[in-house]
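Residue-level listing of the chains:
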Amino acid sequence: MKTGDPELMREINRFHILNIIRRHGPISRVEICSRGALSSTTVSAITGSMIEDGVIETRPVGGIHEPTRGRPRVMLQLNPAAARVVGIKLGIHKIVAVVSDFRGGVLASLELPLRVARQPVAVVADILDDLVRRVVVDAGLTLKAIDSICATMPGIVEYGTGIVRTSPIFAERDISFGRELSRRVGLKVIVESDVNAATLAQQWFGNCRDLADFVVVSLEQAIGLGVLHEGELFRGSRGLSLDIGGMVIGADATGRSLRLLDLASEQTILAALEADPAAADAIQVGRGLRHAVSHLGDGNGDVRELVERAGHAVGVSLANIVSLFAPPRIVLVGSLLSLGDLFTKAVGRGFDGAVAPAHGDVTEIVVEPFADALWAQGAAAIALRELYGSPWNTTGPVSAG
């Protein structure tokens, strides 16, 4: 791209170089020039400034005792001490927090089993305040050493303002949760959807590090959509996160519209088990899906039918996503994957039956359940990206023009 603003051009290239060092470091300046299509003058000037600022650091390779010619090569890498952030995954029955350094390395982590859903907003903010302080102490740090916090949760979140438009965590809507938590901890708080955290976790730590474009679908209490395009998270108007639970995918016998969330959420599957006292108790403490799997093993036909119907609905929705975006890869994450082969095979059948012929071989669908701690790392990565200061949604170099 071209821009007439030299300062903006420099900031965009600075972000671009930082991202190259993050992904490929330790890396030489020559390789940065090659990967970033940037001149050696630009790379030298920007990396020199970042070394002075303490954002990156040098690491000599070779020396007098090694068979190298000339001076030792100087490799560049992110300085882990340049920033420290806290990432949080807030779920209905559990909260996970991590403290991360500037490279995304975990300094401490903490998991708190707790029934969070439907608690008053002030109570949830108080709990997170205590949790943040504890995990920071576990990392051997103080709150003054933390640059920012990113709290993520299921639902629709307005990035930038910290407003939670809707979430199964809260009974209320349009909650200024970022302000509530920031007031308690005295730090900048970013609020984001958990699916966007999962998407960035895939980009930074998962199997999508080689891709600039991919989609993540989170199958939990909400059904979130994370879209990475040209290396950047795509957000809707006003920074809204994406949620496809409200997508209409059919109608019932009366003609009433059926939405994806009506067919393929934890609540839908678990509703079939509520008559079982043991299952009801398990649902209360967040272990209902374990009982659903047990019922599948016992041959419960009603549960099997629900699971297959849910998988089929997800598959149809994935076909719609492919029609819209044609991504090279869709990654499925979330608790519904614990339902096993019966669910994932139904997803495959639903997708194969609904995908347009022109898109049949375009997208790879990957099933990748991963631990909540990795979601929290993704939340930390969102906070780190904010510290990078990306002034523009771009992964490529810019030139004046």
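Residues numbered from 1 in each chain as written. Predicted model: local features only at pLDDT ≥ 70, side-chain atom pairs only at ≥ 80, totals over all residues. Heavy atoms only, no water.

Pairing is antiparallel in the open sheet, where 3 strands are placed in the order 8-9-10. Pairing within the sheet leaves two strands with one partner each, and these edge strands are strand 8 (156–158) and strand 10 (175–176). Two strands pair when backbone bridges link them, and strand 8 and strand 9 (residues 163–166) are joined in this way by 3 bridges, in the antiparallel orientation. Across the sheet, residue V157 finds its bridge partner in strand 9, namely V164. (Pairing = 2+ DSSP bridges. Helix = DSSP H or I, 4+ residues; strand = E, 2+ residues; numbered from the N terminus.)

What follows deals with the nonpolar core. If you look at the biggest cluster of nonpolar residues, it comprises 48 residues, and the most contacted ones within it are I17, I21, I32, M50 and I56. The greatest single-element share of this core, amounting to 10 residues, is contributed by helix 13 (residues 372–388). (Core = buried A, V, L, I, M, F, W, Y, C linked by side-chain atoms within 4.5 Å. Buried < 20%, exposed > 50% of the residue type's maximum accessible area, 1.4 Å probe, protein only.)

As for its position among the elements, G54 is in the loop between helix 3 (40–53) and strand 2 (56–61). Sequence separation of G54 and A81 is 27 residues, and the distance between their C-alpha atoms is 8.3 Å.

On to helix 4 (residues 121–138). An α-helical turn contains 3.6 residues, so any two residues separated by three or four positions project in the same direction. Over its 18 residues, helix 4 extends 26 Å from the first C-alpha to the last, a length consistent with the 26 Å expected when each residue adds 1.5 Å. Every buried residue of helix 4 is accounted for by V121, V124, A125, L128, D129, L131, V132, V135 and V136. Those residues of helix 4 hidden inside the fold are in contact with strand 4 (84–90), strand 5 (94–101), strand 6 (106–113), strand 7 (148–153), strand 10 and helix 5 (177–185). (Expected span 1.5 Å × (residues − 1). Contact = heavy atoms within 4.5 Å.)

Take helix 12 (residues 341–354) next. Taking 1.5 Å per residue, 14 residues should reach 20 Å; helix 12 reaches 20 Å between its end C-alpha atoms and fits that length. Every buried residue belonging to helix 12 is among L342, F343, A346, V347, G350 and F351, and all of these are buried. An end-on view of helix 12 places all buried positions within 165° of arc, on one side of the element. What points out from helix 12, more than 90 degrees from its buried face, is the exposed set D341, K345 and D352. (Arc of directions from axis to C-beta.)

We now examine the environment of I146. Residue position: I146 is located in the loop between helix 4 and strand 7. Taking the C-alpha atoms as reference points, I146 and V86, separated by 60 residues in sequence, lie 7.4 Å from one another. When neighbours within four sequence positions are excluded, I146 is seen to be in contact with R84, V85, V86, V99, V136, L141 and L187.

A few words now on the pattern of salt bridges. In this structure the tally under the stated criterion is 20 salt bridges. Between D174 and R165 there is a salt bridge, and its shortest N-O distance comes to 3.0 Å. On the accessibility criterion, D174 (45% relative accessible area) is partly exposed. With its nearest N and O atoms 3.9 Å apart, the salt bridge here joins D210 to R329. Separated by 119 residues along the polypeptide, D210 in the loop between helix 6 (194–204) and strand 12 (214–219) and R329 in strand 18 (residues 329–333) bring together distant segments of the chain. In this structure, a network of salt bridges that share partners links the residues K89, K94, E111, E220 and D372. (Salt bridge = Lys/Arg side-chain N within 4 Å of Asp/Glu carboxyl O.)

Honestly, it's all geometry; don't read function into it.
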